[in-house]
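Each chain, letter by letter, is given below.
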Amino acid sequence: MKIIIASNKDWNKDICGNLSNKTGFEFINIKEKSELNYESIKKLNPDYLFFPHWSHIIPSEIYDNFECVIFHMTDLPFGRGGSPLQNLISREIYETKISAIKCIKEIDAGPIYLKKDFSLDGSAEEIYYRASKVVEEMIVEIATGKIVPSPQAGKVTYFQRRKPEESNIENLDSIEKLYDYIRMLDADGYPKAFLETGNLKLEFSKAYLKSDKIIANVEIKLKKDCNE
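To start, this report covers the structure provided alongside it.

What counts, and at which threshold
- Residues numbered from 1 in each chain as written.
- Predicted model: local features only at pLDDT ≥ 70, side-chain atom pairs only at ≥ 80, totals over all residues.
- Heavy atoms only, no water.
- Helix = DSSP H or I, 4+ residues; strand = E, 2+ residues; numbered from the N terminus.
- Rg over C-alpha atoms; globule rule 2.2 N^0.38 Å.
- Buried < 20%, exposed > 50% of the residue type's maximum accessible area, 1.4 Å probe, protein only.
- Contact = heavy atoms within 4.5 Å.
- Areas by Shrake-Rupley, 256 points an atom, 1.4 Å probe, with all protein chains shown as cover.
- Lys, Arg positive; Asp, Glu negative; His and termini not counted.
- Charge placed at Lys NZ, Arg CZ, Asp CG, Glu CD.
- Polar contact = N/O pair within 3.5 Å; in protein donor to acceptor, adjacent residues only side chain to side chain.
- Pairing = 2+ DSSP bridges.
- Axes fitted to C-alpha atoms, helices over the stretch in contact; angles between N-to-C directions.

**Quick look at the overall build of the protein chain**
- Helix and strand counts for the protein chain come out as six helices and eleven strands.
- By the compact-globule yardstick of 17 Å for 228 residues, the protein chain fits well, its C-alpha radius of gyration being 19 Å.
- For the C-alpha atoms alone, the extent of the protein chain along its principal axes is close to 55 × 40 × 35 Å.
- The burial tally for the protein chain puts 46% of its 228 residues in the buried class.
- Contacts spanning at least 24 positions in sequence make up 61% of the contacts within the protein chain whose residues lie at least 6 apart.
- Accessible surface, the protein chain as shown: approximately 12,300 Å² in total, 47% of it carbon and sulfur.
- Here the protein chain contributes 32 positively and 36 negatively charged side chains, and the mean placements of these two sets differ by 2 Å.

As structure tokens, then:
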């Protein structure tokens, strides 16, 4: 069996080797948007394409002609849409599921192969590394069990993709909310939780909660050096 894994995130860098060792199947890693084109995929002719963490649009001619499986960090159909981790934590939801779904035209609306329980403890980076291990298990189950997906059932709710300016923490009113904001944005490629003064921007990371206070790293920049 030949399987493509589309991801360029550090937390998925070992996924192909791990999966090959577990299954004996051939796994091919696609990291660049340019590699995900119909002609290239047609030549490879994979049995599955899995998208553990992919930020680009999947062309319709690919998901219409190949079995494409995407992973979403909510109990679908609850929480379709962008920034699921951050939208969950900002709503004080700390236990969720990872849903493996068939890719279709409508965002996050495809039939479901399976779901796994998942905790949102820790920083965003820690969460994504743990999610990668859960996704590995799900890929093995789907590929070896040839699971047939079932239509989503239940009330549909949507999340909006968060914008960088929403990382501003100046209006938060509790230590717990502040801690959640810092940790949920603490991963490579995400806009850090921040505060601004007239001339400075302070970005926070590596937070932990200690009694009634937060201890965290802070990076301070002049605004003119912040690409603003």
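Further notes follow.
**Re the environment of Ser-7**
- With respect to the element layout, Ser-7 can be found in strand E1 (residues 2-7).
- The spacing of Ser-7 and Pro-52 is 45 residues in sequence and 6.3 Å in space, taken between C-alpha atoms.
- If we skip the residues at most four places from it in the chain, Ser-7 touches Asn-12, Asn-29, Ile-30, Lys-31, Pro-52, His-53 and Trp-54.
- Side-chain polar atoms of Ser-7 contact the side chain of Asn-12, separated by 2.9 Å.

**A look at the sheet that holds strand E2 (residues 26-30)**
- The strand order across the open sheet built from six strands is E2-E1-E3-E4-E6-E7, with neighbouring strands paired in mixed fashion. Across the chains shown, the open sheet's two edge strands, defined by having one partner strand only, are E2 and strand E7 (112-119). On average, each strand axis in the sheet is tilted by 20° relative to the strand beside it, whichever way the strands run.
- In the sheet, strand E6 (residues 95-102) pairs with E7 via seven bridges, with the strands oriented antiparallel. Pairing of Ile-101 across the sheet is with Ile-112, part of E7.
- Helix H1 (residues 15-23) contacts E1, E2 and strand E3 (48-53) of the sheet and is inclined by roughly 170° relative to E2.

**Here's the deal with the side chain of Glu-203**
- Inspection of the secondary structure puts Glu-203 in strand E10 (residues 200-210).
- There is a polar contact of 3.5 Å between the side chain of Glu-203 and the side chain of Lys-221.
- When near neighbours in sequence (up to four residues on either side) are disregarded, Glu-203 contacts Lys-192, Ala-193, Phe-194, Asn-217, Val-218, Glu-219 and Lys-221.

**Examining the side chain of Gln-86**
- Its place among the elements puts Gln-86 in helix H4 (residues 84-90).
- In contact with Gln-86, other than residues within four places in its own chain, are Tyr-128, Arg-162, Met-184, Leu-185 and Tyr-190.

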